[in-house]
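Tertiary structure, described
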Amino acid sequence: MATPSPGYSITLRVETPASFTATSELAAAVAAAGAAITALDVTESHHDSMVVDISCNTVDAAHGERVSAALDELDGVQVRKVSDRTFLMHLGGKLEVVPKVPLRNRDDLSRAYTPGVARVCMAIAENPDDARRLTVKRNTIAVVTDGSAVLGLGNIGPAAALPVMEGKAALFKQFADVDAWPVCLDTQDTEEIIMIVKALAPVYGGVNLEDIAAPRCFEIEQRLRDELDIPVFHDDQHGTAIVTLAALQNALKVVHKKIEDVKIVVAGVGAAGNAIIQLLKAQGALNIIACGRNGAISGTETYTDAHRTWLAENTNPDNFTGTLHDAVAGADVFIGVSGPNVLGEEQVATMANDAIIFAMANPDPEVDPAIAAKYAAVVATGRSDFPNQINNVLAFPGFFRGLLDAGVADITPEMLVAAAHAIADRVSAEELNASFIIPSVFDPHVASDVAAAVASAAAAK
C-alpha cells in the first residue's frame with residue numbers, strides 16, 4: 001500500500017540557506033516526494049543559514065531515504081540527520097515501575113518493607129485469599145507470549161515480541177488503569193508454557209495470552225482456564241472476535257442487512273478466525289465460509305485437528321469447495337484475519353451489492369482499502385491511519401477491568417457478547433455511517449462501558 005503511515009514517521013534535520021522562502025521550499029520538496037508533513041520547526045537561525053526539523057510520515061524505510069535524497073538535491077541544502085520517530089519512542093522501552101506509596105523516611109520504609117511487611121506476609125500465609133486485597137495481584141495482568149505469531153510478522157521469538165507486549169501493557173494502564181507486565185517466554189513447548197504460567201500465577205490477577213500460534217494456543221488457553229483460579233483470556237481469539245462482532249453489528253445497520261441473511265467469508269482459520277466464527281454463529285449467522293491456505297473448509301473433507309473439524313461441521317452449509325477467490329463471489333461480508341494482499345480488485349468486484357469488507361491483517365491488510373472502497377459500502381481495517389479501525393484495544397482493557405472488578409475467573413460467551421454490544425452502542429444512531437461504525441480507541445467511555453457490561457454478565461451468571 002502506497003500510503004504514508006505514522007508507523008514510518010521520520011524527522012529530518014536539514015540545513016538550508018537563510019531566506020524567506022526556505023521553509024516553504026523544503027515543505028514543497030517533501031510533499032513532492034510523497035511524504036505527509038506533520039510538523040516543521042526552525043531550530044536554529046543564523047545570518048546566512050537555518051536549521052529546520054521536518055517531521056513527516058512515509059510509506060516505508062526506503063521511502064524515507066528517497067525523501068532525504070530529494071532534499072539533498074536542493075541547492076545549498078544538506079540533510080544533517082534522519083531520525084526514525086518510531087524507534088525513538090521505543091528507546092529504553094515503554095514501561096516503568098512507580099511506587100504507589102510514599103517512601104520518604106524510616107517510618108515509611110518500616111511499613112512498606114521490613115519489619116512491618118512481615119505482618120502482611122503472615123496474614124496472607126494464614127489466609128491466601130488476602131493476596132488479592134493486600135498485594136498487586138488484585139490489579140495486575142500477565143501479558144504472556146512465546147513470540148510464535150507476532151502481529152503479521154510470524155515466529156520472530158520472545159525478544160522480538162517484547163515491544164508488542166510492552167505496548168499491550170501500556171494500553172492496559174492507559175485505558176483501564178490495569179497494571180500489566182510483559183512475560184515473554186523462551187520456549188514454544190506447550191507443556192512448558194503451561195507449567196511456567198501456572199508457577200507465575202500467584203503474582204497476577206489474570207493472564208492475557210498474546211501472539212501464540214495456533215493450534216497450540218487453543219490447548220494452552222483451555223488447560224490454563226481449567227487449572228488456574230484466575231481469568232485467562234486469549235486476546236488474539238476473543239478480543240478480536242469481540243471487536244469484529246461490534247463492528248459488524250453496526251456495519252450491517254448501515255447497509256440494512258441482517259446477520260442471519262448474509263453470506264460471510266472469513267479468510268484465516270487460526271485463533272482469530274475460529275473465535276470470530278464461533279461468536280458470529282452465536283449471534284445468528286447462518287452462512288459462513290471459512291477459508292484457509294488450501295481454500296474453503298468443507299464438510300466433504302476430513303481434517304486432523306479439532307478446530308478445522310469443528311469448522312467443517314458448523315460452517316459452509318452448502319459444502320462449497322473452492323478457493324478464497326471463488327468463495328467471495330456474491331459474498332455480503334468479507335472478514336480477513338490472514339495475511340497481506342490475498343484479494344485483488346477483480347475479486348472484490350464480484351461481491352454482492354453493499355458489501356462489507358473487514359481487512360484486518362497488520363500491518364498490510366488483505367486488500368488495499370482504496371480498492372476495496374471502490375466496490376464495498378463499508379470498509380474497515382486493523383490500521384489506525386484509515387477509518388473504521390477494528391482494534392483489540394477497544395476490548396481487552398475494559399474486559400479485564402470488568403473481570404478484576406467482579407473477582408471472577410470464568411470467561412463466558414455471554415461476557416463476550418455483552419462486551420461487543422457495549423462497544424457497538426458507543427456509536428449512536430446519529431453518528432453511525434459507512435466511515436464510522438466503531439468508536440475511536442480514544443473514546444474515554446469505551447473501557448468503562450465494556451467493564452460494566454462484563455461485570456454485569458458475570459453477576460448474572
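Before reading further, recall that the structure is shown in the block above.
Every value quoted in this text rests on a predicted model; they were computed, and no experiment measured them.

**A word on the packing of helix α11 (residues 271–282) against helix α12 (residues 306–314)**
It is at 11 Å that the axes of α11 and α12 come closest, and there the two elements cross at 30°. Between α11 and α12 the crossing geometry is left-handed. Between α11 and α12, the contacting residues are N274, I277, Q278 and K281 on the first element and H307, W310, L311 and N314 on the second. Split into classes, the residues belonging to the contact of α11 with α12 amount to 3 nonpolar, 4 polar and 1 charged.

**Quick notes on the packing of helix α16 (residues 396–406) against helix α18 (residues 446–460)**
Between two packed helices, both the angle of their axes relative to each other and the distance between the axes serve to describe the pair. At their nearest, the axes of α16 and α18 sit 7 Å apart, and the two run at 45° to each other. Classified by the interaxial angle, the pair formed by α16 and α18 is oblique. At the point where α16 passes α18, the crossing takes the right-handed sense. The segment α16 lies against α18, with G398, F399, R401, G402, L403 and A406 engaging A447, V450, A451, V454, A455 and A458. When its residues are assigned to classes, the contact of α16 with α18 shows 9 nonpolar, 2 polar and 1 charged.

**Concerning the pairing of strand β3 (residues 49–58)**
Counting buried positions over the 10 residues of β3 gives 10, a clear majority of the element. Neither face of β3 is open: one carries S49, V51, D53, S55 and N57, the other M50, V52, I54, C56 and T58, and all of them are buried. Where strand β1 (residues 5–17) and β3 come together, 10 bridges link them in antiparallel fashion. Along β3, the bridge assignment pairs I10 with C56. As defined by bridge partners, strand β2 (residues 36–45) adjoins β3 across 8 bridges and the pair is classed as antiparallel. Looking at β3, one finds that V42 is bridged to V52. Hairpin connection, β2 to β3: the antiparallel pair is bridged by 3 residues.

**What to know about the nonpolar core**
Counting 73 residues, the largest nonpolar core has I264, L280, F358, F399 and I423 as the members making the most contacts within it. With 10 residues, helix α10 (residues 235–255) is the largest single contributor of residues to this core. Contact partners of I264, with chain neighbours within four places excluded, come to L248, L280, A285, N287, I288, I289, V333 and I335.

**Quick word on the pattern of salt bridges**
Tallying each qualifying case throughout the model produces 24 salt bridges. The partner of D179 in a salt bridge is K173, with the nearest N and O atoms 2.8 Å apart. Classification of D179 as partly exposed rests on a relative accessible area of 27%. With relative accessibility at 39%, the residue K173 sits in the partly exposed group. Measuring nitrogen to oxygen at the nearest pair gives 3.1 Å for the salt bridge that ties R401 to D405. You can see R401 and its partner D405 sitting in helix α16, 4 residues apart, about one turn around the helix. Salt bridges linked by common partners bring E191, K198, E219, R223 and E227 together as one network.

What counts, and at which threshold
- Residues numbered from 1 in each chain as written.
- Predicted model: local features only at pLDDT ≥ 70, side-chain atom pairs only at ≥ 80, totals over all residues.
- Heavy atoms only, no water.
- Axes fitted to C-alpha atoms, helices over the stretch in contact; angles between N-to-C directions.
- Helix = DSSP H or I, 4+ residues; strand = E, 2+ residues; numbered from the N terminus.
- Left-handed = near helix turned anticlockwise from the far one by under 90°.
- Contact = heavy atoms within 4.5 Å.
- Nonpolar A, V, L, I, M, F, W, Y, C, P; charged D, E, K, R; others polar.
- Parallel < 35°, antiparallel > 145°, perpendicular 65-115°, else oblique.
- Buried < 20%, exposed > 50% of the residue type's maximum accessible area, 1.4 Å probe, protein only.
- Pairing = 2+ DSSP bridges.
- Core = buried A, V, L, I, M, F, W, Y, C linked by side-chain atoms within 4.5 Å.
- Salt bridge = Lys/Arg side-chain N within 4 Å of Asp/Glu carboxyl O.

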